[in-house]
Amino acid sequence: MVSSSSDEKEGIMSRGWERLNSLPGKVIKLGQDDPRRVTHSLKVGLAVTLVSILFYYFEPLYHGFGVSAMWAVLTVVVVFEFSVGATLGKGLNRGLATFTAGVLGFGGHRLASLFGDKGEQILLALFVFLIAAAVTYLRFFPRMKARYDYGLLIFILTFSMISVSGYHDDELLPIAEQRIFTILTGGLTAVAVCIFICPVWAGDDLHNLVANNIEKLAIFLEGFGSEYFKIPEDEESLKKVSEEYKSVLTSKQSEESLANFARWEPGHGKFKFRHPWKNYLMIGSVTRQCAYKIEALNDCLHSETQTPQEIRCKIEEASLKLCSESVNTLRELALALRKMIPPKSANEHLINSKIAAKNLKSLLNTGLCKETDLLEVIPAATMACLLVDVVSYNERIAESIQELASLAKFKSSGKPEVIPAQPNLCPQEISQQNSCISIPAQQTLCYQRSMQRNSSINIAPHHVITAQEESPCSSVDRTS
């Protein structure tokens, strides 16, 4: 028993020592992940120091305010947030709520004092009950909850303290003035330090977050085709790629918080006053919907039921083409959003991805299920349908970014848009272009792919040309 208890104590001490040794590394890593955290900590310390010196070391102010000076320090600690928008929102909420509640509390106290001692008690209790109940009910409105929740809480607190404390205190007006002045001073100090010393803008963070989320979808699709069709690549890099998109699925709360903070911020940089921040939420919503489709694609990679490789080869070329064009589309959209230019450069890739999606759907309708067990085809068909859905979401993302560019008046990069020349195709040739790829051509592709895997000979890129009857329209070369 003695040995077991001593071993347990040694185990606790060793674990405590290990945690103590790892603490400096965690502290350093926290600052390295985002150096702005270190700056923010120093800014908070500076603001608290300034207010403390102002009210406690400056004798005239200390004798004039006394204990009420602590409200200035408390205001700085409570109001000072990481971003400018969050600090402005809290500061304005606290200042406006304090001033309004102070005026109403003083007025309610004066009104109640006209009804005698007993009447004053009843009216003050009634005022506090009505104000607290009404303001609390307002907090249930989504818009009030999102933007003014903190101010409503401060309003209830300040009104109750001033109106009730005035019952036994004849000098109510000086107390209200001192509290309002100290709170406003602390709030203004916090806002000034936050804005003028290394500001962190919530609008910038929201802008970069939405663009990065679109980029993460492209990163997954870039490695998906190689992993699904078993193209030899670095397995470790594929594992990292497949996990990049997962943060997009849980980004809704962060985007909404940043958008709410960004509305409080003044114009800065390329973000003018009344920038359409709501449109970023629309882009983020469509991006998350696309991420859910990508989550389903990721499940296809790890599903227990897999389609045989010889069946996958039939849709390999069309699927890889769709993935490639979708990757280019998403990256161009992310780049356009990040540079705040109209997303015209993504149009060509978006059109190509839609053509690839039509080819893939045609292939599913005509060439995949012939002489094949349906149960073996279902996993590959599901994967193909998900890829087609990704293309439709890419188009919706492009439309949302275009709407944002129009409202925010994004400026063009100045480079002329290059639109590829399209031949005049008659309806017959259009249907031939979007028709499925012939089975012999795909079998040839699978054969050459297997030769690439099983030999060291490098096979040059090839084109499969399908002979067609001459059309009344001008002849067009068709390549698969």
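Analysis parameters
- Residues numbered from 1 in each chain as written.
- Predicted model: local features only at pLDDT ≥ 70, side-chain atom pairs only at ≥ 80, totals over all residues.
- Heavy atoms only, no water.
- Helix = DSSP H or I, 4+ residues; strand = E, 2+ residues; numbered from the N terminus.
- Buried < 20%, exposed > 50% of the residue type's maximum accessible area, 1.4 Å probe, protein only.
- Contact = heavy atoms within 4.5 Å.
- Areas by Shrake-Rupley, 256 points an atom, 1.4 Å probe, with all protein chains shown as cover.
- Salt bridge = Lys/Arg side-chain N within 4 Å of Asp/Glu carboxyl O.
- Polar contact = N/O pair within 3.5 Å; in protein donor to acceptor, adjacent residues only side chain to side chain.

## Focus on the overall build of the chain
For the chain, the helix and strand inventory stands at 18 helices and zero strands. Burial status across the chain gives 40% buried among its 480 residues. Taking all contacts inside the chain whose residues are at least 6 apart in sequence as the whole, residues at least 24 apart take part in 81%. Carbon together with sulfur atoms contributes 61% to the accessible area of the chain, which is approximately 27400 Å² in total.

## Remarks on the pattern of salt bridges
The tally for this structure, following the rule as stated, stands at 12 salt bridges. Measuring nitrogen to oxygen at the nearest pair gives 2.8 Å for the salt bridge that ties Glu255 to Arg288. Linking Glu255 in helix H12 (residues 252-262) with Arg288 in helix H13 (residues 278-301), this pair joins segments that are 33 residues apart in sequence. There is no split in this pair, since Glu255 and Arg288 are both buried. Within this structure, Asp34, Arg36 and Asp205 form a network of salt bridges that share partners.

## Remarks on unusual backbone geometry
As a rule of thumb, non-glycine residues mostly have phi less than zero, and peptide bonds are mostly trans rather than cis. Phi is positive for Cys198, close to 45 degrees, though the residue is something other than glycine. Within the element layout of this structure, Cys198 appears in the loop between helix H8 (172-196) and helix H9 (202-228). At Lys409, a residue that is not glycine, the phi angle is positive and equals roughly 60 degrees. Overall, Lys409 belongs to the exposed group, its relative accessible area being 69%.

## A closer look at the side chain of Ser83
Of note, Ser83 is situated in the loop between helix H4 (70-79) and helix H5 (84-113). A polar side-chain atom of Ser83 sits 3.2 Å from the main-chain amide nitrogen of Ala86. Here Ser83 is in contact with Cys194, Val200, Ala202 and Phe261, once residues within four sequence places are set aside.

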